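Here is how the chains run, residue by residue.
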Amino acid sequence: MMADQTVNRESAVVQGESMRSRVRDRADGTGGVRNGRAEQVQGAESDGQQTQQAVEMKEAMVKEIPVDMFYDYTQLESKAFTSSESEIPVNLLHLSHSFGYDCKRRANLQLLDEQTLVYVAGNILVLQDLISRQQRYLRSCGGGGIGAITTHPNKQYFAVGEKGSYPDIIIYEYTSLRPYRILRGGTERAYCHLDFSTDGELLASVGTSPDYMLTLWDWRQEGVMLSCKAVSQDVYRISFSPHMPEQLTSCGSGHIKFWKMANTFTGLKLQGLMGHFGKTTTTDIESYVVLPDGKVVSGSDWGNLLLWDGNSIKVEICRKEGRTCHAGIALPFAMEEGQLLTMGADGAVRGWDLESIDGADSQGDGGRFELEPMNELVIGPNVSLTSVVRSGHHDSFIWYAQDAMGAIWKLDLSFTHTTPDPECLFHFHCGAIQGMDVSQSSHLMATTALGRSVRVFDFLSKKELTFSHFNQGGTALCWAPPQVERGGGLLTVGFEDGMVRLLDVFNPQKLQALPRQSHREEAKLRLRQAFKPHSTSVSAVAYDHNADMLATASSDCSVFFFSVGEKYQPLGFVLVPGPVRALEWSPHSHSESRLLVLCGTGHVVEVQSPELDLSVHRQTYHLTTLSTRAFCFKSIKSRFQREEEVARWQALKEKKHKEREERHRQTHNYELEPEEATEEEKLPPIHLPDPPSPLCCGFYSEPGRFWLSMGGYDAGFLYHCEFSEDQGLDPAQRQDEPFKALPLHNAEQDPVVSLTFSSKRHLLLCGMTSGSLRVYPLSPGDYSLESMHHYWTLSIHDNSYGALRHLRTSYDDQFVLTAGDDGNIFSFSLLSPEELLQQGSRAKVPSPRTGLEQEEVAQDIEDPSAYSIEMRKQRLESDRVRREAEQKILRKRRTLEDLQKSYRLLLSENQALPPHVCLQPEELWLDIRFVEQAQRVKAQRLKEVQRQQGWEEERSHRALDKLNFWFKDSLSSSVITVVAIASDHRVSTYRLPSAPKHAQDPVRRASQSSSSSTTSTEARIGRTEPGRGAATILEEEMVHTSLVSRPPAVKLADRQVERLRKANEKAEQARAKIQKRKEEWAHLYAEKPDENYEDPRDIQAIQNARETVGDRKLKPSSDLTVPKQLQLNTERKREELTSLQEAMRCKQTEMNTRIIALRDSKFELVARLHTLSIELQRVQWRLPAESHLLCPTLPHVLPEETPERRLQYTRATLQTYKQLRDNWSGVKEQDQDGVSDILQQLEKKMDEGQHTSSQSDATEKTASQPSDADLEPEGKGLVENTGLEKELQMEKQIRLLYQQDCIIEQMQSMICKWDASLRMILHEKLALDQKLKLADLRQLTLLQELLLLEQFERREESLQSKLSIKAEEEEAITLKLKELNEQLESKLQDISKLQEREKALTTTFIASLGDNNKFEEFLTRVFKKGIKRLKKKEKAVEEEQGTGSEEDEDEEWDEDVDEDDADMDEGGAPLDDSVCPTNCELALFENVLQLRERRLDLQEQLQEDRRSAEALKKDCETLTKKGQRLRSSCKAVEDDLELMAREKQQKMNELDVVVPLCLHQVRHATFVSGTELLADLSQVLVLDCSELQRLQDRIPELQYEKGQQRERFHQARQQFARLLQENADMKSRIQVLKKRCDDLMMKKFGRIVDMEALQTLSGNRTLEELKQDKLLRDAKYAHEIHQWDLKVLEAREALMKDTKINTEIMVSMNRVLNEKKDLEQKINAWEKRMGKQLENSQSRSDRQDIVHLQKVVRDQNEQADALTREIQLLFCKGGHILPPGLTPQPSGSTPHPQSSI
């Protein structure tokens, strides 16, 4: 590092040490605590002296620093460092502009005024002007970077916390930017957060690892007020509470901590309380908000809010249905107008109801509270807010937000209708810069990062020209040289998905196709070509020096080559040993074009440039024939260190030798003294790092030679390497050493990660890991870096994580561009600002290519999983192979088809033969197994088809079910029209849909809710009861346990048993008597009414009056108050609407049932009429034609009377439909109209079929009627009838005429009756229709009311939930208050008991002195003397997660001195109570001391109880106040509910209700012209007449009841006065009896005793049993001890025997092992002798195996020939094929059926 910086740091260290000593001294006096350094206070006097010294020091410090003192910024500013004896100017580079933004840094955005933002960029503090877009800069003073910044509340100052060794906090004055104060010694390494107090007087700072020091500063006086260790984890934020200045809060990695400044006896201290997550998952807390009542709301990693009460989580806040408040991390940041504002990684700002959050309580076992946001502002996609700052105006809603995705936003959080949209003020790269390059013809720079954007900057005019977004992040970038693109406007960008895109950069204003006015951009990016050479991220791209070839490298260990042209063509790729870090083409000076590939694993590969005319018809792009050379770095650093150490020793020896010679020369003693024997130090060992050091960067020096910069252990050198001539080894296994190493000053922990040269190679620029820039001047042509001695360095980027990985110079060497991992981009100028102004104002943007406007936009590859070039090549090759295989399979199939055709031809010829010659099918089987296999395949395919068609079958069934449901099942009854027979009257049923599923009965729900509330109340009561009776239950358990665990009773003597029995019987009788008396008293007290007792009948009457009397105001009245039981809500209104619909449906269903019954009766009537018609025809057949009467028209069942028959179908119907559909499809394609035509034709044919069937039925009936011949009597027409016969015929005719008349009359009567019933039902239906219309009107009104109530439902539910929550809290407070009152009462009783015990103790002391004791005065003073008693008060121990906690115990002297003792000691001799006076009884003196100890114990207990009672009183008062606040809140919510009810009633009054009235119902109205009614009836009151009459009759009844109530009240007052007098008399009598009872006890017992305890006293049988049991147990245990002693002796003897046996076994084992070793040696020797014999036997066995295998091959060839001959016989008729291994049978034998064809 530079010398002056080193001096500054040394001075800073000295100042820091002095400051820390001052802080330690102050901590001893004021109570500040250092972790592990706090010393225990030894005494009150020393504490007072140290406190006085601290006060004097503070006063001296206040006097030292004047208010108007400022520091000189030029002396504090960190400057560049130049090595000694160098001529490099300090101001070599001048900062020109900052193009980046460290958006990942926490709280990296502050507001100084309304137009100036300030943020940290590496070692630079940037002040950004929002209007002019100009920047001002402040450098860090220490040179180690900037850790945190904050602004003063009045924006007059801002503080900068730096990094480094014991960094400082610099407080600058704004706007002069002069250093105002410097705070030193607050932490060791870096500050992570700063915060001013609300009044701006204090500053809180917290440091990073390793000390995590929290410091409170009196910053105006540069003094430390308090200091302590925060935690042992990373702290993200510290802040003062805006409502309670003495409280602070800090948060960080997995913790939150609550701090409080408390005054102790040693001074002011910081007391921290770690937050406990409990059941909630531990999370990192980035932000929080402190509520006015001290609660804290923090965020979480999963997006919910955590409400902290004390140091524990009260509730976790989420959204409805368990949704998180934010997607990702949630960050609460402010309270604004009753709402809590939060932001998150989802890019949204939401406002939450602050009152609901403050009173939030868990709504279940999960500990969560569901709440929906009041307001929401979604900024946009791909936005992640991390911090915000508010505008300085108090009435402004403007906020400035830091976006972790690389932007700064301006937000208006007023949440109104006129709120403007969010405005993006600046946008930058997100995260580390992955690629940067500059144009070789203009002052343009291009960058890319993982934020998925490519940006182009004009660093001459200091602005961004254009940018483009892609679907993946960029990882490498190269600006093509001018040889590739004439205008120099081509970018080659690599992305993380392996894509490489060529982008044209051009000036859109120079396009000829469009007018210039349409272009406002100065530059534009356009995609020229996209290709994917790699499967993983592209790490490097580079053009060769001739610009003919492009090389791309990736982390997949591959390097791809492309030929450069109009379209880049792939040439091939090579594989390298490791992930590629960089590519370097050989320069022009080299004879061959080669590529140097630098791998991160330490491997370097040199690849020869491939030919440009490689064939494209290759199967792969892998270039395996390219010439390559490899180098694998081997560490030589430890060898250099060893050589340096040896050289140092040698120099030391020579120096000592010269000194000795000089000393002899001076003394003239020429005899040399013998050299002293010095013990040589141990040389450092040779060390090889494992794993090997990573390779950072490198470059060519000469052909075959190159320079490397390594990281890790080998950092601190530049290594000159060359490729070895021996390249036969595997590159991954090589170990090559550099032949030269050039040391770099102060670079062992700060390796070089990037290197670049100026255009003329006069300067070597190095980017360091610490973010600093080094510049080395070089001599011309110095490729060996021999002139690399002096350097210039400057800290630029962040020293912790801002490695400077990209470094470029402009084409004219006037600018230096840097980009680091911290996301910052800087431009530096070698010219001074004055000279820079003389340059051009802007850079030249390349012109577009000729014809660019006519070119189509290149096709981009947006799919990240798309195939790479090699994968696509392999896929095409596999597709080609697959196509060839498919063609081969097709040829085989064709051959099989020909064979099958010939086989079928043979089968046909076989069937044409005579039967005795024809072959049977079984004879044609080649093998029965083939048939079985075919059958199995057939069955399997059948199952597969069934399985495949199963889904279609199920789908068809489901479709049919849906159609039935939609057209049939959805209607409970379709429209049925019943037509009259003799008239045109007709009546139809109502069309009713299926009945919906009704909601749960409201009465049942109410009962369930009431039961649940009762259950919850009982549960709460049950929870309180255990606390109240815990002591009793515990005592019962203890008694039960003691009874169970007690041993069996010991037998006592008979006399003892009898005495105990009598005592127990007497005590039991007394207990029974006492218990009976208690029960009587309890019964009497239970019957005693309360002071506020009211008669239940009166309460019921009042309740009935409140419910029935009601408010008789009109609904439009503004002061109308609707009772709660009559208030409307959606549930009641929905029930009312449902009941109305059910009633309507019931009436319609009833009418439908009657109409259907009427239709059924018509069916019966038609059948009956048809029967009568047949009978009439039979009668008329026997009558002459002139006697026939006209038969009534027979009715028919019409289709509209039986609509259900339309949905019935038969198989004939389906066949008809299929025929019609086939006919229709033959004419034209089937569509929806065609389907309807088919259905119409089907209905027509069905009707014709029904008509034909009816005609056929009629024909059958006619045919079945008797003929004329049958009806004529026998012999008619042959002979003339006689007179008697004529009379008989006349009589018969008259009878038939009568039957005809009766039948016709009966038919007409039946028809008339049925028509009458139809007309009656029709009349009733018309009346029902009228009622249903009115019901429809009522239903419409109810529906409007329901819709209106649903609008109020959400507000009402919200208010009801608030009210219920308040009521539950009030109930909980009431229960808690009751419990506290009980505890307080119990504590007061304990105090009174202690006071009585103290009085009794004093009485005992007086009694022990006796009368006329001469030591009475001395002993009294001893008894009342207050002594110092040592007691230890344990303080609460804070448990911190991940860290240990220390218990601090302060020993205090608690002095309890009585006033009497003080009075006695004043002016007298000191009292010595350690020695008993002479002649005083020692026992009496010791008894007095014991009584004094007991008195002091009682006094301590009494003080403790009093303190507890005071604490309980305070808790009661607090709960009482809280209850009052809750009651007022409940009252406010009830008022809101009342207002909402009135508003709801007003909205209900605005609804129009239709009330049909008759004229006789209109009363007390004015008529126009006598009969015409007024047109306007808006002011008419509609009232029920019966209700009006009831109200009029109620007036005299109320007057009578009022008189009766007055009479009852007068009688009750007289009775109350009489009862009061009797009560007073009874109390006085009780007092007299109680006094008399006490007098009698004093006379008998001498004191007041408990008579119940005295009466229930019984004998102590337990004591007797325990004594007897003790004796028995002693004897038993003595016997057991004796037995165990005998067992111990036996065990010792057995142990001795086992030890001897084990010794013998070990000796035997040693002998066996020795024998085994000898045998192994013999076996080894035998194996060596037998080796050659085994080899000879092995060769002999091999020869035998070869002969055997040759024989097997010959046998297999013979079998193959036989099979070939058998296959040829398949084409011949009558040929027989035998299975392998069977010989042909003789010609006379019959072939086996399974082996013939």
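Residues numbered from 1 in each chain as written. Predicted model: local features only at pLDDT ≥ 70, side-chain atom pairs only at ≥ 80, totals over all residues. Heavy atoms only, no water.

A.B. asks: I'd like to hear about the sheet that holds strand E44 (residues 580-585), residue by residue, with values.
C.D. replies: Taken together, four strands build an open sheet; the order of strands is E44-E45-E46-E47 and the sheet is antiparallel. Lying at the two open borders of the sheet, with one neighbouring strand each, are E44 and strand E47 (628-632). Recorded for the sheet is a direction-independent mean angle of 15° between the axes of neighbouring strands. Here strand E45 (residues 594-599) runs beside strand E46 (residues 603-608); their pairing, made up of five bridges, is antiparallel. (Pairing = 2+ DSSP bridges. Helix = DSSP H or I, 4+ residues; strand = E, 2+ residues; numbered from the N terminus. Axes fitted to C-alpha atoms, helices over the stretch in contact; angles between N-to-C directions.)

A.B. asks: Provide a residue-level description of the sheet that holds strand E4 (residues 116-121), including the pertinent values.
C.D. replies: In spatial order, the strands read E3-E4-E5-E6; together these four strands make up an open sheet with antiparallel pairing. Strand pairing shows two members of the sheet lacking a second neighbour, strand E3 (110-113) and strand E6 (135-139), which therefore form its edges. Adjacent strand axes in the sheet meet at a mean angle of 30°, parallel and antiparallel pairs treated alike. Relative to E6, strand E5 (residues 124-129) runs antiparallel, the two being bridged by five bridges. Considered in E6, the bridge of valine 126 is made with tyrosine 137.

A.B. asks: Go over the nonpolar core with me, naming the residues and quoting the values.
C.D. replies: The tendency in soluble globular proteins is for nonpolar side chains to be buried side by side. Tyr400, Ile408, Leu773 and Trp792 are the most contacted members of the largest nonpolar core, which has 33 residues in total. At the level of elements, E4, E5, strand E29 (398-403), strand E31 (423-427), strand E54 (772-777), strand E55 (792-795), strand E56 (804-809) and strand E58 (825-829) are the ones that each hand at least two residues to this core. The biggest single contributor to this core is E4, with three residues. Contact partners of leucine 773, with chain neighbours within four places excluded, come to Leu93, Leu765, Cys766, Trp792, Thr793, Leu794, Ile796, Leu804, Leu807 and Val816. Formed by 32 residues, the second largest nonpolar core is a distinct cluster that contains Val987, Tyr990, Leu1165 and Ile1304. (Core = buried A, V, L, I, M, F, W, Y, C linked by side-chain atoms within 4.5 Å. Buried < 20%, exposed > 50% of the residue type's maximum accessible area, 1.4 Å probe, protein only. Contact = heavy atoms within 4.5 Å.)

A.B. asks: If you had to explain the pattern of salt bridges to someone new, which residues and values would you point to?
C.D. replies: By the definition in use, this model includes 63 salt bridges. The residue glutamate 201 makes a salt bridge to arginine 220 at a minimum N-O spacing of 3.6 Å. With glutamate 201 in the loop between strand E11 (191-196) and strand E12 (203-207) and arginine 220 in the loop between strand E13 (213-218) and strand E14 (223-229), this residue pair connects regions lying 19 residues apart in the sequence. Since its relative accessible area comes to 37%, glutamate 201 is described here as partly exposed. Using a relative accessible area of 23% as the deciding quantity, one classes arginine 220 as partly exposed. Linking glutamate 877 and arginine 880 is a salt bridge whose minimum nitrogen-to-oxygen distance equals 2.2 Å. Residue glutamate 877 and its partner arginine 880 are located together in helix H7 (residues 869-912), separated by three residues, close to a single helical turn. The class for glutamate 877 is buried, based on a relative accessible area of 17%. (Salt bridge = Lys/Arg side-chain N within 4 Å of Asp/Glu carboxyl O.)

A.B. asks: Give a description of H7 that names residues and reports values.
C.D. replies: The end-to-end C-alpha separation of H7 is 64 Å, in line with the 64 Å expected for 44 residues at 1.5 Å each. By the burial criterion, the buried members of H7 are Ile869, Glu870, Lys873, Glu877, Asp879 and Asn910. Buried-residue contacts for H7 involve strand E39 (524-531), strand E42 (558-563), strand E43 (569-575) and helix H8 (921-924). (Expected span 1.5 Å × (residues − 1).)

A.B. asks: Outline the packing of helix H19 (residues 1416-1424) against helix H21 (residues 1482-1549), supporting the account with residue identities and numerical values.
C.D. replies: Taken N-terminus to C-terminus, the directions of H19 and H21 make an angle of 30°; their axes are 8 Å apart at the nearest point. Taken as axis vectors, H19 and H21 run roughly parallel relative to one another. For the pair H19 and H21, the sense of crossing is right-handed. Counted together, Phe1418, Leu1419, Val1422, Phe1423 and Lys1424 of H19 and Leu1484, Phe1485, Val1488, Leu1489, Leu1491, Arg1492 and Arg1495 of H21 form the full contact between these two elements. Of the residues that constitute the contact of H19 with H21, the class distribution is nine nonpolar, no polar and three charged. (Parallel < 35°, antiparallel > 145°, perpendicular 65-115°, else oblique. Left-handed = near helix turned anticlockwise from the far one by under 90°. Nonpolar A, V, L, I, M, F, W, Y, C, P; charged D, E, K, R; others polar.)

A.B. asks: Describe a positive patch on the surface, listing the residues and the values that go with them.
C.D. replies: Where like charges cluster on the molecular surface, the positive patch consists of Lys314, Lys1521, Lys1522 and Arg1525. No other element matches H21, which puts three residues into the positive patch. (Patch = residues over 30% accessible without salt bridge, like charges linked within 9 Å, V, L, I, M, F, W, Y side chains within 5 Å. Areas by Shrake-Rupley, 256 points an atom, 1.4 Å probe, with all protein chains shown as cover. Lys, Arg positive; Asp, Glu negative; His and termini not counted. Charge placed at Lys NZ, Arg CZ, Asp CG, Glu CD.)

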